[in-house]
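Listed here are the chains, written in short residue letters.
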Amino acid sequence: MTLIAADLANLYPAHLASLQQHYLDAAMLAGAAGVVIAAGALQPCFLDDSHYPFVVNPHFKAWLPITEVPDSFLLIRAGKTPCLLLNQPEDYWHQTPADPQGFWVEHWQVQSIQSTAEVRRHLGDARDLLFIGEQTQLATEWGFGAINTPAAMHLLHFERAYKSAYEIACIYRANQTAVRGHRVAETAFRQGWSEFEIAHHYLGAIKHREQQAPYGAIVALNEHCAVLHYQFYTQQRLAAAGLHSMLIDAGASFQGYAADITRTYAYRTGLFQDLVHHMDQQHLAIIDDIQTGMNYADLHAQMHRRLAQLLRDTGLVTMAVDDMLATNLTFTFLPHGLGHFLGLQTHDVAGFQQSRQGEERPAPAKYPALRLTRDIENQQVFTIEPGLYFIPILLAKLRQGPHQASVNWALVEQLLPCGGIRIEDNIAMLDGAAVNLTRLAMAEL
């Protein structure tokens, strides 16, 4: 598509102008005339002389595509070129950040600083500035008139749900990178590599260090696929006879923006492979159901209806579809939400927020893990990630409950070693249509 394939240099000026408008509007709500955004600081490990991996303030990287610049700041004032105060200390222990290069630099005033102490000299009187960042004690010491003011943050987070053309292009490129990793990971799985080895094949394919990825990848084999946020990588290779399935939930970053993709594979043809195929069909069908103006929570409910039909069609559950929904039986097989906003963060902000003023619509009581209750609108980017899992602790509750006779337990026992299925794509709403960024990227390879 023209939009997502456009040159970033041509898209960036409009993105920058939109940010300036939103952040100056936020400053006005805070009674300020400008904004200072802190990249963040290195956090020392307890009783050690090392630091935790640096994670930049998402408000900082919204403006420019640099993410490894602790103790740097942005200064935004009306009518003035935005200023980057780039921390470039003289240091022979660590590599000093290089002078920035790229299409965006011409739109900025770049000022090198040696320490945060120099920042005050560039700010002048901080009483008319809004500070955004986690270093609130520093902001207080410097005398900022407003610090992370809720009204300002509500506005900024609400507007962040609407992605500029530049942002959508960046998310698409992140998908292109992640897809390359997923292709390599599938090959490694079929060659019998361990979870640990598959995870490192993935990182090598996307050319990321682990801390550069937007989140820690989930690489799960067999029954581990039933652990929704499985957090380990076993180093043991499984014999082919005992290898059933792999679920890989792994993303990539581009210019500070995230891709978030999940795929599930069967090692051989048969019952589980057929179930993966049916889930993929339902996954694509729920994407076809998307329309602007509908609420995402309603889309989630529609997916549970689709899942109920699938459970009945495959013989896993004999109960009528409406009865499954009325008794919430499908929750046993899909206990997480259908998806979430995506962008500067994997789980981007304001999924519950209904207005610039901060009013929220919580997740329905029936679906407490849902992360998104906004109406679907143009320029939003979100994930669609239905699942079908065989989670022992949830199945045990179902087996002890009043509806246990409606479940084909023999079939469930056959599928337990496979763990479960999740399929996740990244969707951009453009001109009233749901554009599947992930499948577009896959079609290129």
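Owing to the predicted nature of the structure, the values given are computational and were not obtained by experimental measurement.

Enquirer: Give me the nonpolar core: which residues, what numbers.
Expert: For soluble globular proteins, nonpolar side chains are generally found buried alongside one another. Residues F60, W63, L64, L74, L84 and W108 are the most contacted members of the largest nonpolar core, which totals 73 residues. Among the elements that line this core, the one with the most residues is helix 7 (residues 165-190), at 12 residues. With near-sequence residues (within four places) excluded, L84 lies in contact with F60, L64, I66, F73, L74, W104, W108, Q109, V110 and Q111. With 57 residues, the next largest nonpolar core counts I290, M294, L325 and I376 among its residues.

Enquirer: Describe the pattern of salt bridges, and please don't skip the residues or the numbers.
Expert: Applying the stated criterion across every chain yields a total of 16 salt bridges. Here D249 makes a salt bridge to R422, at a shortest N to O gap of 3.1 Å. Taken together, the residues span a long stretch of sequence, with D249 in strand 8 (residues 245-254) and R422 in strand 12 (residues 420-422) at a distance of 173 residues. Take D249 and R422: they sit in the same class, and that class is buried. Between D322 and R305 there is a salt bridge; the shortest N-O distance is 3.0 Å. Linking D322 in helix 11 (residues 321-326) with R305 in helix 10 (residues 296-313), this pair joins segments that are 17 residues apart in sequence. Connected through shared salt-bridge partners, R263, D280, D425 and R439 make up one network.

Enquirer: Could you give an account of the sheet that holds strand 14 (residues 433-436), naming the residues involved and the relevant values?
Expert: Judged by pairing direction, the sheet is antiparallel, and its three strands sit side by side in the order 10-13-14 without closing on themselves. The open sheet has two free edges, formed respectively by strand 10 (381-384) and strand 14, since each of these has just one partner strand. Strand-to-strand twist of the sheet, defined as the mean angle between neighbouring strand axes without regard to direction, takes the value 40°.

So, how was this worked out
- Residues numbered from 1 in each chain as written.
- Predicted model: local features only at pLDDT ≥ 70, side-chain atom pairs only at ≥ 80, totals over all residues.
- Heavy atoms only, no water.
- Core = buried A, V, L, I, M, F, W, Y, C linked by side-chain atoms within 4.5 Å.
- Buried < 20%, exposed > 50% of the residue type's maximum accessible area, 1.4 Å probe, protein only.
- Helix = DSSP H or I, 4+ residues; strand = E, 2+ residues; numbered from the N terminus.
- Contact = heavy atoms within 4.5 Å.
- Salt bridge = Lys/Arg side-chain N within 4 Å of Asp/Glu carboxyl O.
- Pairing = 2+ DSSP bridges.
- Axes fitted to C-alpha atoms, helices over the stretch in contact; angles between N-to-C directions.

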